[in-house]
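Architecture and fold: a report
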Amino acid sequence: SQQGEEDPQALSIQEGENATMNCSYKTSINNLQWYRQNSGRGLVHLILIRSNEREKHSGRLRVTLDTSKKSSSLLITASRAADTASYFCATDDRGSTLGRLYFGRGTQLTVWP
Amino acid sequence: GAVVSQHPSWVICKSGTSVKIECRSLDFQATTMFWYRQFPKQSLMLMATSNEGSKATYEQGVEKDKFLINHASLTLSTLTVTSAHPEDSSFYICSARRAFRDQPQHFGDGTRLSIL
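This write-up is about the structure you can find in this document.

Criteria and cut-off values
Residues numbered from 1 in each chain as written. Chains lettered and ligands numbered in written order. Predicted model: local features only at pLDDT ≥ 70, side-chain atom pairs only at ≥ 80, totals over all residues. Heavy atoms only, no water. Pairing = 2+ DSSP bridges. Helix = DSSP H or I, 4+ residues; strand = E, 2+ residues; numbered from the N terminus. Axes fitted to C-alpha atoms, helices over the stretch in contact; angles between N-to-C directions. Core = buried A, V, L, I, M, F, W, Y, C linked by side-chain atoms within 4.5 Å. Buried < 20%, exposed > 50% of the residue type's maximum accessible area, 1.4 Å probe, protein only. Disulfide = S-S within 2.5 Å. Contact = heavy atoms within 4.5 Å. Buried area = accessible area lost by both parts, 1.4 Å probe. Salt bridge = Lys/Arg side-chain N within 4 Å of Asp/Glu carboxyl O. Polar contact = N/O pair within 3.5 Å; in protein donor to acceptor, adjacent residues only side chain to side chain. Patch = residues over 30% accessible without salt bridge, like charges linked within 9 Å, V, L, I, M, F, W, Y side chains within 5 Å. Areas by Shrake-Rupley, 256 points an atom, 1.4 Å probe, with all protein chains shown as cover.

Topic: the sheet that holds strand β6 (residues 55–58) of chain A
Within a sheet, each strand pairs with its neighbour through backbone hydrogen bonds, oriented either parallel or antiparallel. Residue and element names in this part refer to chain A. Strand order in this open sheet of five strands is β1-β3-β8-β7-β6, and the pairing throughout is antiparallel. Strands at the two margins of the open sheet, each flanked by one partner only, are β1 (5–7) and β6. Here the strands of the sheet are splayed against their neighbours by 20° on average, with no regard to which way each runs. Bridging between β1 and strand β3 (residues 19–24) involves three bridges; their strand directions are antiparallel. Bridge pairing in β3 places E5 opposite S24.

A few points about the nonpolar core
In terms of nonpolar packing, the biggest core is built from 25 residues, with W35, Y58, F67, I69, L79, Y92 and L113 of chain B touching the most fellow members. Mapped by element, the contributors of at least two residues to this core are β2 (10–13), β3 (19–25), β4 (32–38), β5 (44–51), β7 (67–73), β8 (76–81), β9 (90–97) and β11 (111–115) of chain B. Counting 22 residues, the second largest nonpolar core, distinct from the first, contains L11, I13, I29 and L46 of chain A.

Here's the deal with the sheet that holds strand β1 (residues 4–7) of chain B
Residue and element names in this part refer to chain B. Here four strands make up an open sheet; going across it, the order is β1-β3-β8-β7 and the pairing antiparallel. Of all the strands in the sheet, just β1 and β7 have a single pairing partner and so form its edges. Across the sheet, the axes of successive neighbouring strands diverge by a mean angle of 15°, strand direction being ignored. Bridge count between β3 and β8: six bridges; the pairing is antiparallel. Its bridge partner being in β8, K20 is matched across the sheet by T80.

What to know about the state of the cysteines
Residues and elements named next belong to chain A. Enumeration over the complete set of coordinates arrives at two disulfides over all chains. Here C23 pairs with C89 through a disulfide, and the sulfurs are 2.0 Å apart. Across the disulfide from C23 to C89, rotation about the S-S bond amounts to roughly 70°, and the bridge is consequently right-handed. With C23 in strand β3 and C89 in strand β9 (residues 85–93), the pair connects residues that are 66 residues apart, well separated along the chain.

Observations concerning the interface of chain B and chain A
Listed as interface residues are 23 residues of chain B and, on the opposing side, 27 residues of chain A. Regarding the contact of chain B and chain A, the summed buried area is about 1,900 Å², with carbon and sulfur atoms giving 46% of it. Three residues, S43, R101 and D102 of chain B, lead the burial of chain B against chain A; their summed loss comes to 30% of the area buried on that side. Our count for the chain B to chain A interface comes out at three salt bridges. A salt bridge links R100 of chain A to E59 of chain B; its shortest N-O distance comes to 2.7 Å. Our count for the contact surface shared by chain B and chain A stands at ten residue pairs in polar contact (both at pLDDT 80 or more).

Some points on a nonpolar patch on the surface
Taken together, the side chains of W10, I12 and L116 of chain B define a hydrophobic patch exposed on the protein surface, amounting to about 390 Å² of accessible area. Of note, L116 of chain B is situated in the segment after β11.

Comments concerning the environment of T78 of chain B
Residues and elements named next belong to chain B. Locating T78 in the fold gives a position in strand β8. Residue class for T78 comes out buried when judged on its relative accessible area of 10%. For the pair T78 and R24, spaced 54 residues apart in sequence, the C-alpha to C-alpha distance is 8.7 Å. Sequence-distant contacts of T78, defined by excluding residues within four places in its chain, comprise K20, I21, E22, W35, L68, I69 and N70.

This is how it looks when you write it as structure tokens:
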């Protein structure tokens, strides 16, 4: 089943521009995670943000979390062509005993050189 | 780092064949492993969660007898697609996580399964 929903479904920008992707979810969560997937490959973990955190940074990535609105955003600054990939948010539901992740449909980011 | 190796990366076989996919955590102990299925340009659908030494927990709608999961050690989990049919063709991805829940999942590179 899917929990997070990303927006937009597709994003096309020029190198150097910033890319912002949003994620909305429905239930109470322990944490929210962002992953990246290059075509035909597995997923790479980017950032994990806990429910009691509001913002987190990692290099050119900035993630925010608003639990009152049940939403998160991923900002990639100064994008590069190599950032072209699908980006997924995934939620670890508080009601789950196994720490399963439920993924959204993803945002396909294309960065043009 | 946390490396997960998935093998094979690509399988083509005839209908009725059983196919085994291996998922190994190479440099950490994976208390929990997950199996996903992904259709083209779609999200990952969680199939099952397995903990070392215990039976897998399957998601609703996933046939246990069709998709056999074994997690025999802290570094290895296998998914066997039994008597595979064309509708089982898909991209299967495993992930592994350390003991604590607030840890990220580390993914293998996936297995593309094509049943003729």
